[in-house]
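Remarks on the overall topology
So the chains spell out like this:
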Amino acid sequence: MAMAPSPASASSSTTSPLLPSSPSISAFLASHPALTLLHTQCATMAHLRQLHAALVKSGLAKDPIAASRAVAFCAGEGRDAAYAARIVRHHPRPNSFMWNTVIRALSDGPGPDAAVALFLDMLWSPTPPERRTFPSLFAAYARLGRADDGAALHGMVLKLGLAGDAYTRNSMIAMYASCGRADEALALFRQCQEFDVVACNSAIVALSRAGRVDEARAVFADMPARTVATWSAMVSAYSRAARFQDAVDLFSAMQVDGVEPNANVLVSVLGCCASLGALEQGAWVHAYIDKHDVAMNALVVTALVDMYCKCGSIHKARQVFDTTRSQGMAKLSSWNAMMLGLAAHGQCQEAVTLFSELEPYGLRPDKVTFIAMLMAYGHSGMTYEAKALFASMAREYGVTPGIEHYGCLVDALARAGRLREAEDTIRAMPMKPDAAIWGALLSGCRLHGDAEAGARAARGAVECDPQDSGAYVLAANVLACDGEVGRGLGVRGEMREEGVAKVPGCSMIEVNGVVHEFMS
């Protein structure tokens with residue numbers, strides 16, 4: 001965002017009229033029936049529009065107190081922040097409360113870019129921004145992922161002498177952290193003169209997003225006090241880095257410290273249990289949720305369904321899904337997790353049934369839904385149905401197939417032995433195939449013993465990822481199974497010449513709630 005000089009900077013001595021004291025406000029409201037109704041009876045935007053019309057007709061809408069009350073109502077949760085923005089833009093002299101209230105509402109709403117647009121209008125108004133203006137704007141830039149524009153705003157904060165304000169500084173750290181700019185976030189963090197738990201939490205997020213998890217743990221360890229948000233940030237850091245056992249261990253330490261986890265922590269831990277195949281630990285988290293009456297939202301439901309599916313307990317996953325669906329808590333993400341689980345367990349018909357029930361529940365399939373269904377058809381050998389569903393995605397549902405959907409279709413065709421058709425599908429893709437798609441074809445060639453098609457698939461996979469040991473090994477195995485042992489050994493020789501190391505095999509089992517990992 002170009003932070004050009006504005007008229008506001010040239011007239012900073014001109015301030016907006018301050019709101020009068022509380023007794024004066026009460027007397028003012030009581031003297032005007034429309035304002036009294038707005039204060040005591042207004043409950044919906046329809047009511048607000050009627051009262052606003054009365055304020056405009058009487059001329060009272062130009063009064064800053066009256067306008068501020070209307071703006072505050074519109075900016076409330078679930079109301080109409082865009083209407084509040086129009087009130088501000090049409091007011092002859094909006095005060096800082098009005099600007100800040102609407103910028104905050106727009107920043108928290110579905111259109112954070114609208115908050116930035118309103119701020120630009122504010123810069124050209126007689127009312128200059130102040131310390132309560134900036135935190136919402138940094139939050140908007142964080143949601144938009146626009147770190148460079150956030151840095152420009154940081155410059156304005158420095159120019160106005162507001163960088164020492166803890167609330168503003170923490171919002172800047174959070175913005176840089178959210179955008180993956182760890183060094184900028186840490187530079188601000190180190191300027192803290194005293195312990196600030198919010199700044200520490202943002203530093204942990206910044207380091208974890210940059211992959212510097214051990215540094216994040218060092219910040220965590222040095223904190224004299226921690227909030228549940230601190231624990232959540234560190235558990236998420238381990239989860240994001242695929243250090244699942246560390247995340248579960250930290251969750252156990254959280255219990256020892258007597259800190260009650262929130263939904264974010266539980267969702268992260270359930271995801272780690274799913275990745276570890278730790279059914280017993282995942283079931284313990286589920287029992288904790290039930291025992292402590294943790295609010296069940298769509299994220300928690302989806303995490304539970306996903307955990308049970310990936311840990312092999314498809315019956316328990318279905319039980320959770322059916323119970324929460326009957327209570328109206330299973331959103332599309334929960335349906336997708338359940339269908340993916342059914343597909344992975346070869347229960348195609350059950351997945352198809354769920355897919356057919358989406359519309360009666362008021363849900364419309366998305367990209368993940370079609371991945372689940374294409375997997376279900378592919379694992380069941382139902383290639384005709386897979387092709388028909390793939391063709392219907394854009395035509396009937398308005399979902400453009402992505403590379404993941406092409407990968408599922410190729411996998412379905414290759415599993416069924418329709419290797420030439422699978423290869424033709426790859427050649428006709430509107431995007432460049434990746435190693436995973438060639439790998440799906442290569443697996444089908446190994447399964448059905450087609451050495452020539454396997455060699456072409458292997459070349460494609462290696463071109464996409466020259467360090468992919470799996471492509472070399474699969475190609476060698478295809479050739480060996482087809483009786484061409486010499487060519488298979490040649491492929492392994494190429495692998496050595498290129499310096500590609502075979503990834504060791506790994507397996508995990510859970511015994512008495514402890515996950516044990518074995519490497520080959």
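Residues numbered from 1 in each chain as written. Predicted model: local features only at pLDDT ≥ 70, side-chain atom pairs only at ≥ 80, totals over all residues. Heavy atoms only, no water.

Time to look at the overall build of the chain. Scanning the chain from terminus to terminus reveals 30 helices and two strands. Taken over 520 residues, the chain has a buried fraction of 47%. Excluding contacts between residues fewer than 6 apart, the proportion of contacts in the chain whose partners are at least 24 apart in sequence is 61%. Just so you have it, the chain exposes about 24900 Å², and 54% of that area is on carbon and sulfur atoms. (Helix = DSSP H or I, 4+ residues; strand = E, 2+ residues; numbered from the N terminus. Buried < 20%, exposed > 50% of the residue type's maximum accessible area, 1.4 Å probe, protein only. Contact = heavy atoms within 4.5 Å. Areas by Shrake-Rupley, 256 points an atom, 1.4 Å probe, with all protein chains shown as cover.)

Bringing the environment of Gly 341 into the picture now. Looking at the element boundaries, Gly 341 is found in helix α21 (residues 332-344). Placed 34 residues apart in sequence, Gly 341 and Met 307 show a C-alpha to C-alpha distance of 9.5 Å. Contact partners of Gly 341, with chain neighbours within four places excluded, come to Cys 309 and Ile 314.

Attention now goes to the confidence of the model for the chain. Chain-level statistics for the chain give a pLDDT mean of 84 and a share of 82% at 70 or above. Across residues 482-489, where pLDDT falls below 50, the model places 12 contacts with residues more than four positions away in sequence or in other chains. (pLDDT = per-residue confidence, 0-100.)

Here we come to the packing of aromatic side chains. Applying the stated criterion across every chain, the model contains 10 aromatic pairs. Ring geometry for Phe 119 against Phe 134: centres 6.1 Å apart, planes inclined by 65°, an arrangement best described as edge-to-face. Here Phe 119 is found in helix α8 (residues 112-123), whereas its partner Phe 134 is found in helix α9 (residues 134-144), with 15 residues between them in sequence. Judged by relative accessible area, Phe 134 falls into the buried class, the value being 0%. Seen from their ring centres, Phe 220 and Trp 231 are 5.1 Å apart, and the 80° between their planes marks the pair as edge-to-face. Of this pair, Phe 220 sits in helix α14 (residues 213-222) while Trp 231 sits in helix α15 (residues 228-240), placing them 11 residues apart in sequence. In textbook terms, an aromatic cluster arises when at least three aromatic residues are bridged by ring pairs, as seen for Phe 251, Trp 284 and Tyr 288. (Phe/Tyr/Trp six-rings, centres within 6.5 Å; stacked < 30°, edge-to-face > 60°.)

Before going further, it helps to spend a moment on unusual backbone geometry. Even without being a glycine, Ala 242 presents a positive backbone phi close to 60°. Within the fold, Ala 242 resides in the loop between α15 and α16 (244-256). Classification of Ala 242 by relative accessible area gives partly exposed; the value is 47%. Unusually for a residue other than glycine, Asp 293 sits at a positive phi of about 55°. Inspection of the secondary structure assignment puts Asp 293 in the loop between α18 (279-291) and α19 (298-310).

With respect to the element layout, Leu 358 can be found in the loop between α22 (348-356) and α23 (367-379). Separated by 23 residues in sequence, Leu 358 and Trp 335 have C-alpha atoms that sit 8.3 Å apart. Not counting residues within four places of it along the chain, the set of residues in contact with Leu 358 comprises Leu 332, Trp 335, Met 339, Leu 363, Pro 365 and Thr 369.

Two elements in contact, helix α25 (residues 403-415) and helix α26 (residues 419-427), have axes separated by 8 Å at closest approach and are oriented at 165°. Classified by the angle between their axes, α25 and α26 sit roughly antiparallel to one another. Relative to α26, α25 is oriented so that their crossing is left-handed. In this structure, α25 contributes Tyr 406, Leu 409, Val 410, Leu 413 and Ala 414 to the contact, and α26 contributes Leu 419, Glu 421, Ala 422, Thr 425 and Ile 426. Considering only residue class, the contact of α25 with α26 consists of eight nonpolar, one polar and one charged. (Axes fitted to C-alpha atoms, helices over the stretch in contact; angles between N-to-C directions. Parallel < 35°, antiparallel > 145°, perpendicular 65-115°, else oblique. Left-handed = near helix turned anticlockwise from the far one by under 90°. Nonpolar A, V, L, I, M, F, W, Y, C, P; charged D, E, K, R; others polar.)

With that settled, the discussion passes to the UniProt feature "repeat: PPR" (unreviewed entry) in the chain. Mapped onto this numbering, the UniProt entry annotates "repeat: PPR" (unreviewed entry) at residues 165-199, 227-261, 331-365 and 366-401. Structurally, residues 227-261 is divided into 74% helix and 0% strand, and its ends, taken at the C-alpha atoms, are 10 Å apart. Counted over residues 331-365, helix gives 63% and strand 0%. Its end C-alpha atoms are 11 Å apart. (UniProt positions renumbered as here; feature names shortened; annotations may be inferred.)

What follows covers α26. For α26, the complete set of buried residues consists of Leu 419, Ala 422, Glu 423, Thr 425 and Ile 426. For α26, the angular spread of buried residues about the axis comes to 155°, placing them on one side. Residues Arg 420 and Arg 427 are exposed on α26 and point more than 90 degrees away from its buried face. (Arc of directions from axis to C-beta.)

Turning our eyes to something else, we now look at the environment of Lys 387. Residue placement: Lys 387 occurs in helix α24 (residues 383-397). If we ignore the near neighbours within four places in the chain, the residues touching Lys 387 are Leu 409, Leu 413, Arg 418 and Glu 421.

With that settled, consider the pattern of salt bridges. Summed over the entire model, instances satisfying the criterion amount to 22 salt bridges. Of the charged contacts in the structure, one is a salt bridge between Arg 181 and Asp 148, with a shortest N-O distance of 3.1 Å. Pair noted here: Arg 181 is in the loop between α11 (166-178) and α12 (182-189) and Asp 148 is in helix α10 (residues 147-159), with a separation of 33 residues, a long-range link. What makes Arg 181 partly exposed here is its relative accessible area of 24%. Accessibility expressed as a relative area gives 57% for Asp 148, which makes it exposed. A salt bridge links Arg 212 to Asp 183, with the nearest nitrogen and oxygen atoms 3.1 Å apart. Note that Arg 212 is positioned in the loop between α13 (197-209) and α14 and Asp 183 in helix α12, a separation of 29 residues in sequence. The exposure class of Arg 212 is partly exposed, given its relative accessible area of 26%. For Asp 183, a relative accessible area of 53% translates into the label exposed. Residues joined in a network through salt bridges with shared partners are Arg 318, Asp 322, Arg 325 and Glu 357. (Salt bridge = Lys/Arg side-chain N within 4 Å of Asp/Glu carboxyl O.)

We now examine the side chain of His 91. Turning to its location among the elements, His 91 is positioned in the loop between α6 (81-90) and α7 (96-108). Accessibility expressed as a relative area gives 8% for His 91, which makes it buried. Those residues in contact with His 91 that sit more than four places away from it in its chain are Ala 61, Lys 62, Asp 63, Pro 64, Ala 67 and Met 98.

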